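An overview of the molecular structure
Below, each chain spelled out in residue letters.
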Amino acid sequence: MTLQDLILKLSSFWASHGCLLQQPLDLEVGAGTSHPETLFRVLGPKPWSVAYVQPSRRPDDGRFGQNPNRLFKHHQYQVILKPSPDEVQQMYLDSLEACGINPRQHDIRFEEDNWESPTLGAWGIGWQVLLDGLEITQFTYFQQVGGIDLAPISCEITYGLERIAMFLQRVDNVFDLEWGGGVTYGEVRLQEEIDQSKYAFGQVDMPNEQFAALHRELFDKNFAFAETLLASGLIWPALEYCLKCSHLFNILDSSGSIGVTERTAYILRVRQLAVKIARAYVEATTPPVSAAV
Amino acid sequence: MDRELLIEVGCEEIPAGWLPDLTAQFGQQLDARLKEFRLTSSGPVETFSTPRRLTARVTRLAERQTDLEDLVTGPPVSAAFTADGQPTPAAAGFARKYGVEVAALERSETSKGTYLTYRVRQRGKATVDVLADVTGALLRSLSFPKQMRWDAYLEDGKGDLVFARPIRWLVLLYGGRVVPFVIRRTEAAQGPTVQDIRSGANTYGHRFLTTSGRAGRAIKVKTFDDYESRLLENFVILNRAERQSKIRRELETHARRLGGRVSHSAHSSLLQEVPDLVEYPSVVAGHFPAEFLQLPQEVLTTTMIHHQHYFPVVDEEGHLKSAFLAVTNMQPEKPEIIARNSERVLTARLRDARFFWDEDRKAPLEARIARLSTILFHKKLGSYREKADRVAALSAWIAAEAFGRPEAAAPAERAGRLCKADLATDMVRELTELQGTMGGIYAREEGAPEEIWKAIYFHYLPIGVEADAPPTARQLGRAALTWAAVSLADKLDAVVGMFAAGERPTGSRDPLGLRRQAQGIVKILADLPELTGLDVRLTLGPLLMRAGNTFGGYADASGTIASFMSDRLAYLLEQRGFDVRNVRAVMHGRAENASPLDARRKLEALAQMSGSQALLGVATLLKRVKNITKGIAAPTSLSRAMLREPAEQQLLAELDARAPVIRSAATRGDYREAFTAIAALQPAVAKLFDDVLVMAEQEELRTARLGLVATLRDLILEIADISEIVTE
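Residue positions are counted from 1 within each chain, in the order its sequence is given. Chain A is the first chain written and ligand 1 is the first ligand written, with later ones labelled in order. Local features in a predicted model are, by the rule used here, given only for residues with pLDDT of at least 70; side-chain atom pairs are given and counted only at 80 or more, and totals for whole chains, interfaces and linings are based on all residues.

1. Some thoughts on the domain arrangement of chain A
Often, the extent of an interface is quoted as the loss of accessible area on bringing the components together. These domain limits were set by an automatic method or by a database of domain assignments. The domains assigned to chain A are domain 1 (3-200) and domain 2 (208-285). Amino acids are sorted into nonpolar (Ala, Val, Leu, Ile, Met, Phe, Trp, Tyr, Cys and Pro), charged (Asp, Glu, Lys and Arg) and polar (every other residue, Gly among them). Here the residues of the side of domain 1 of chain A that touches domain 2 of chain A sort into 12 nonpolar, seven polar and three charged.

2. Looking at the sheet that holds strand E6 (residues 106-110) of chain B
Residues and elements named next belong to chain B. One bridge is not enough; two strands pair if DSSP finds at least two bridges between them. Only DSSP runs of H or I reaching four residues or more are called helices, and only runs of E reaching two or more are called strands; each is numbered from the N terminus. Across the sheet, three strands lie side by side as E5-E7-E6; this open sheet has antiparallel pairing. A single partner strand is all that each edge strand has here, and the edge strands are strand E5 (68-76) and E6. Across the sheet, the mean angle from the axis of one strand to that of its neighbour is 45°, orientation sign disregarded. Strand direction decides the pairing type here: E6 and strand E7 (residues 113-122), joined by five bridges, are antiparallel. Of the residues in E7, the one forming a bridge with threonine 110 is glycine 113. Throughout, an axis means a line fitted to C-alpha atoms (over the contacting stretch in the case of helices), and angles, computed between N-to-C directions, take values from 0 to 180 degrees.

3. Things to note about helix H21 (residues 596-608) of chain B
All names here are of chain B. How far a helix is expected to stretch is found by multiplying one less than its residue total by 1.5 Å. Along its 13 residues, H21 runs 18 Å from first to last C-alpha, staying within 8% of the 18 Å computed at 1.5 Å per residue. Buried, partly exposed and exposed are defined by the number of other C-beta atoms within 10 Å of a residue's own C-beta, namely 20 or more, between the two limits, and 12 or fewer respectively, with C-beta atoms placed from the backbone. By the burial criterion, the buried members of H21 are Pro596, Leu597, Asp598, Ala599, Arg600, Arg601, Lys602, Leu603, Ala605 and Leu606. Note on contacts: each residue gets a C-beta atom placed from the backbone, and two residues are in contact if those atoms are within 7 Å. Where the residues of H21 are buried, they touch helix H16 (514-526), helix H17 (528-532), helix H19 (560-575), helix H20 (580-586) and helix H24 (671-679).

4. Concerning the pairing of strand E1 (residues 3-11) of chain B
Residue and element names in this part refer to chain B. Here E1 runs beside strand E4 (residues 53-61); their pairing, made up of seven bridges, is antiparallel. Among the inter-strand pairings, isoleucine 7 is bridged to a residue of E4, identified as alanine 56. Note that E1 and strand E9 (residues 167-174) share seven bridges and pair antiparallel. Within E9, the residue paired with isoleucine 7 across the bridge is leucine 172.

5. Structural notes on the interface of chain A and chain B
Residue-level contacts link 35 residues of chain A with 42 residues of chain B. Only strand E4 (108-112), strand E6 (122-131), strand E7 (134-145) and helix H8 (260-285) of chain A provide two or more residues apiece to the side of chain A that touches chain B. Per-element tally for the side of chain A that touches chain B: the top contributor is E4 of chain A, with four residues. When the residues that make up the side of chain A that touches chain B are grouped by side-chain class, the tally is 14 nonpolar, 12 polar and nine charged.

6. Details of the sheet that holds strand E15 (residues 261-262) of chain B
Backbone hydrogen bonds hold the strands of a sheet together, and the pairing may be parallel or antiparallel. Residues and elements named next belong to chain B. Judged by pairing direction, the sheet is antiparallel, and its four strands sit side by side in the order E15-E17-E18-E16 without closing on themselves. Edge positions in the sheet fall to E15 and strand E16 (282-287), since each of these pairs with one other strand and no more. Relative to strand E18 (residues 320-328), E16 is paired through six bridges, and the arrangement is antiparallel. Across the sheet, valine 284 pairs through a bridge with alanine 326, a residue of E18. Lying over the sheet, helix H5 (residues 240-257) contacts E15, E16, strand E17 (310-314) and E18, oriented at roughly 30° with respect to E16.

So, in structure tokens, the structure goes:
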């Protein structure tokens, strides 16, 4: 099964289970969780089920295209089910079966792995799903997002698309994967990986200090503007600028541009902003409680 | 008639690490709730668990609650009636509460006077009618390392029911019949896909395996025996010990087939964990390319054990083979499929590890130290870069000053500086369990001498407090001294630093593991001669003070750290089987003056003398002496002229003769001799108390006699407060 067939399978599976098919967030993010279709929709009481692919950037995981398993950018298939159905684990296993993974021939396990995003003020309880020892999915019951207790609880299923495709295609190097129509993953993405890794690790024709200074400045400007947007009541754009800060912080971190105490301070700033944005979203979307008569 | 109670809480996969404790809690709490609800059982509560269920069974549980009879106390009679004998509002109110006339109340005598009382008699209800309340209380009483909200609540008015993972079904059978119970779902969540959980007689077998019908379908059960055997038919081995022995058996068989055996170091911890990861274990064997055997053994085993839960296989000499054993939760039709996939996962990880191994060795450890500034040790104590400087200086000081071995200072300083450098290597960032170990290996690869690389390699140890906890003198070889200096320095820096930063452990909260670090310190000090060949009886005070100097002279003014440390020392000594009373005896005095090695030697001497009636005699008399000399300091010189009685003369002579012996023995650390000399004082001390009244009428005489016994007291207390060894 090609990578794109896998995406199609998962999409049709989850669409048939009541999910809206959304599109990726058109911004640099580290995970599908940052997408407002997750970050915002899990807040408040309104039921919401959605699925989408999210290209996810992890500057620190960049390996210049030389590592067969690690990527600056990988693809997640993200499913949000709110409220989380009682049968959610079985639904998930059915989705694997739909992709051609027969659970009776493999060893599929749910092993404890809780998830936390310090910059988003979010955490959840869950598992990593292991398929014959290979981690293919992160399965999380969100408990808090933006520092807000969630009710009802949403379930987030995050499939690692490259991992699963490599498993299905019995390929040991991600760049050998067939993306679709005989075209390999390497043909599509190798050069991008090399360039992005160089960037992430600061291998740019610019002195290190200048590289760091530029990114700090970008961070500060985006941060200030996110606050302005928030103050203007523009919650979606505010989140986008907050996410830009989060990515810039990741670059500062991977390029070794910040010290350790500074690092915690950056995380805290992004988190405080994310919390404010989440609160604003809840306030804006919760229907006012009608006064008791 | 007594009937069987069967409870099964069907759950989504509970973390393996929680199951042993959670299963025990489940049994204890059920037992406690049954008692609370006055339900008597013959025989204990039996518990079972798999990742997807917590099960309890009571073979014979009474059909009714025992009747309740309780005497409730009301107002005192003195306040119950007005002058004309009419009930006061207090009395009337009390009677009304129980729905009776005041005249029907009883009077009871108490130590505080006579009170109006009411005898509550409540006939026990049928067990089936209270089991729902028992179940609710049971579910609420469990505690979890991390609890989860899952849109559930109970109808007991206490709101949300948090749990380990969502509950999916509930078997609740008494005498084979379902006891109605319901876990409600919140309004926000409830709908076609989110439903209340109602108790029933249905359990569920293995997710994927079955002998007949569809895997994962509901299985109706009636009794525990029925339940257990139906589960087994459906590929769930309920009994953990049986799962474990199946794993053990299959591991052995497969290892033998591979021409090796399963490594024992892996056995203990991994074999404890895997039974809680599976409902129906079976073992699959796999191989990895032999070229990876060139990686350090530590890297291979850590990758297999910690990351994949695979058992490494070793040959007869204990060398790793290029094979592994995976415990699956299946009875695979084609084990080769799982084996091949597992091989690919492991090979990918090993390929990564080899990449790190090759990359990391391109730059010397020294070059990593600068990178440590990006890794936080503690927000108030700075980065590991700063910690490296502190540990280097402290290691050098310990070697030169505390150990008195200036020639070891330079290698200790070097090892101290490098000991955290591996935190900035790719290998340790990926395999954090290898911190220290990896630094040692890299230092060795760079050609660092044994004194240095082994000091780094072992510096996180010891973990255990037992005398033979690793590392051993043999493992340490020529690195013993530098290792001891660096290991002590690292731990002292952590303990003193964290206390200075206000991170003191409280109760069961010790997130930074300071107790273990402190135990490491006292363990090294207590076993210093065996570990390093160095016979130095170091006290805690100077070490703590020197470590404190680096935190802006953080002073342990209130002695908090010292007493924290001496608690850990007492723990170590008790763990080693020394008598608790003896431990108290040798742990007397100021905590900062405690020397772990001295304490250990004194205890060994006391243990050897445990039969000595003479020593026990002195101990008993010391207790008396301590009582009568409370607050009295020993005089700088005795009023010998006043002490003319033969008994006094004799004790004086004994003290004059024995004191130098005791002190010299103590200086040499020969506590057997010291205690023997103390025991030898027994006749003279006994005679004094028999023949002479210490608390004499005449003040001058009394002062002289008290001075004599206070001198005796202080002499003994220089060694130990042996009054503690007296059996009450």
